[in-house]
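If you want the building blocks of each chain, they are given just below.
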Amino acid sequence: MDSSPSTPDDFRRLFAEEIAAQPVLSAEDLSRVSMERHQGKSVLARDAPSVGALRLSGQGVTGHEAALDDVTSLGLAFQRLVTAIGASLGGFTNIRGPIPKEFSAKTILGLRAAPRPGSIILDLMPRLDPIRELRHKGELFNDSDTQLVDAVMSELEVLVNAAADHQPGRNDSPFSAEVRSLGPRAASALKGFALAASTSHFDLDMTWSQPLHATTRFHLSARDAVFIAQVISGQKLDAENVTVHGTLRTVSHGKKWELLASEFGNISIDVSELEGRPWAEWNPDDLVEVDAAMTITQAPGRPSTRSLVAQRISRWAGSLDDIARTFDEDENS
């Protein structure tokens, strides 16, 4: 029969695995978690919501005032980013088509705005009750006490901290790898959020407190936001390789050619990256297959726009009747 631990070292060895699994908490978090445990909150049957605060400061804030357009654009971009990362964590990384409701419903944030001296605080929380998400079938206990939006905030902390440590010129940096793993839709949403922050000259401080867990924190300056957008654009992390078919309508020395009856309907394709003299090789009405890099621009408050940059054009022996039309969320809405 094993004897009880008689020294602190014996105690630590006995519970080494459990101790290693516990998060490192700050003094502030220890106080909060202690109160939450005293109030009866449990990881086995969670009923308390997470709460967050997005603090806006910097040149875009005067006292505790900022332009409504800027705050609105940032809020829309942040919600789009949270939903895109949530979908990616759930396995949906496709840049095309609407995000499934199973992800969008779990990542909608509620807002309570409050001014503070020298800044504006956007108090946030999930709109979806943790009981409905974690025990939606009436279970007594939840398999996990983490809602999807909690996981998103943790991922955002990793992303922003990795961006702060990014070394210029490195395409294999932890930041690039992390963005690439999330897919082009999340990358596009992150770029849109970074542009909204930088053009509004906002410095951002985010805190997110999940009951019984360490607080998630990150700081994003307007300068770092510019850098994030540049890295995503420069490395084309927001681009998805696609193949489209159709008939050429225009062939010119210009940058844009028109392709009719493609998978995306009548579209313009950027041919500036093609080598040689492509305008001498093709004619209007030619049936073609185009390998292209597609990006989606998600400007806050505006419909998404699609951009295709041709990487290769070849003759296509198929028929326009063979083309399966692709619809995305803008066309379905």
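Quantities reported herein were computed from a predicted structural model and do not represent experimental measurements. (Residues numbered from 1 in each chain as written. Predicted model: local features only at pLDDT ≥ 70, side-chain atom pairs only at ≥ 80, totals over all residues. Heavy atoms only, no water.)

Before going further, it helps to spend a moment on the overall build of the chain. Tallying secondary structure elements over the chain gives 11 helices and 10 strands in all. For the chain, buried positions account for 43% of its 333 residues. If you take every contact in the chain between residues at least 6 apart in sequence, the share linking residues at least 24 apart comes to 68%. As displayed, the chain offers around 18100 Å² of accessible surface, 52% of which is attributable to carbon and sulfur atoms. (Helix = DSSP H or I, 4+ residues; strand = E, 2+ residues; numbered from the N terminus. Buried < 20%, exposed > 50% of the residue type's maximum accessible area, 1.4 Å probe, protein only. Contact = heavy atoms within 4.5 Å. Areas by Shrake-Rupley, 256 points an atom, 1.4 Å probe, with all protein chains shown as cover.)

Soluble globular proteins tend to bury their nonpolar side chains together. Membership of the largest hydrophobic core comes to 46 residues, with the highest contact counts inside it found for Leu-56 and Phe-78. Of all hydrophobic cores here, the second largest spans 20 residues; its members include Ile-95, Val-244, Val-288 and Ala-292. (Core = buried A, V, L, I, M, F, W, Y, C linked by side-chain atoms within 4.5 Å.)

This brings us to a nonpolar patch on the surface. Residues Leu-44, Leu-140 and Phe-141 make up a contiguous nonpolar surface patch of roughly 360 Å² in combined accessible area. For Leu-140, a relative accessible area of 68% translates into the label exposed. (Patch = residues over 30% accessible without salt bridge, like charges linked within 9 Å, V, L, I, M, F, W, Y side chains within 5 Å. Salt bridge = Lys/Arg side-chain N within 4 Å of Asp/Glu carboxyl O.)

Along the chain, Val-290 falls in strand β9 (residues 287–297). Sequence spacing of Val-290 and Ser-262 is 28 residues, and the spatial spacing of their C-alpha atoms is 10.0 Å. Beyond its immediate chain neighbours, meaning those up to four positions away, Val-290 contacts Val-242, Thr-243, Val-244, Leu-259, Ile-269, Ala-310, Arg-312 and Ile-313.

Another aspect to go through is unusual backbone geometry. The phi dihedral of Ala-261 is positive, around 60°, even though this residue is not glycine. The topology assignment puts Ala-261 in strand β7 (residues 256–262). Phi is positive for Asp-285, which is not a glycine, with a value near 80°. One can find Asp-285 in the loop between β8 (265–270) and β9. A relative accessible area of 63% places Asp-285 in the exposed class.

Before going further, it helps to examine the pairing of β9. For strand β6 (residues 239–248) and β9, the ladder comprises 9 bridges, and the chain directions are antiparallel. In the strand pairing of β9, Val-244 is matched with Val-290. The pairing of β9 with strand β10 (residues 305–315) spans 10 bridges and is antiparallel. Among the inter-strand pairings, Val-288 is bridged to a residue of β10, identified as Arg-315. (Pairing = 2+ DSSP bridges.)

As a further point, take the packing of helix α4 (residues 68–89) against helix α7 (residues 148–164). Relative to each other, α4 and α7 sit at 100°, their axes nearing to 9 Å. By the criterion of interaxial angle, the relationship of α4 to α7 is roughly perpendicular. The residues of α7 that touch α4, namely those facing Phe-78, Leu-81, Val-82, Ile-85, Gly-86 and Leu-89, are Leu-148, Val-149, Ala-151, Val-152, Met-153, Glu-155, Leu-156 and Leu-159. (Axes fitted to C-alpha atoms, helices over the stretch in contact; angles between N-to-C directions. Parallel < 35°, antiparallel > 145°, perpendicular 65-115°, else oblique.)

Moving on: the side chain of Thr-83. Summarising the element assignment, Thr-83 is placed in helix α4. With relative accessibility at 11%, the residue Thr-83 sits in the buried group.

What follows is about the pattern of salt bridges. Scanning all chains against the criterion turns up 9 salt bridges. Among the ionic pairs, Glu-273 bridges to Lys-236, the shortest N-O distance being 3.2 Å. Here Glu-273 is found in the loop between β8 and β9, whereas its partner Lys-236 is found in the loop between α10 (222–234) and β6, with 37 residues between them in sequence. Residue Glu-273 is classed as partly exposed on the basis of its relative accessible area, which comes to 38%. Asp-286 is the partner of Arg-315 in a salt bridge, and the nearest nitrogen-oxygen pair spans 3.6 Å. Linking Arg-315 in strand β10 with Asp-286 in the loop between β8 and β9, this pair joins segments that are 29 residues apart in sequence.

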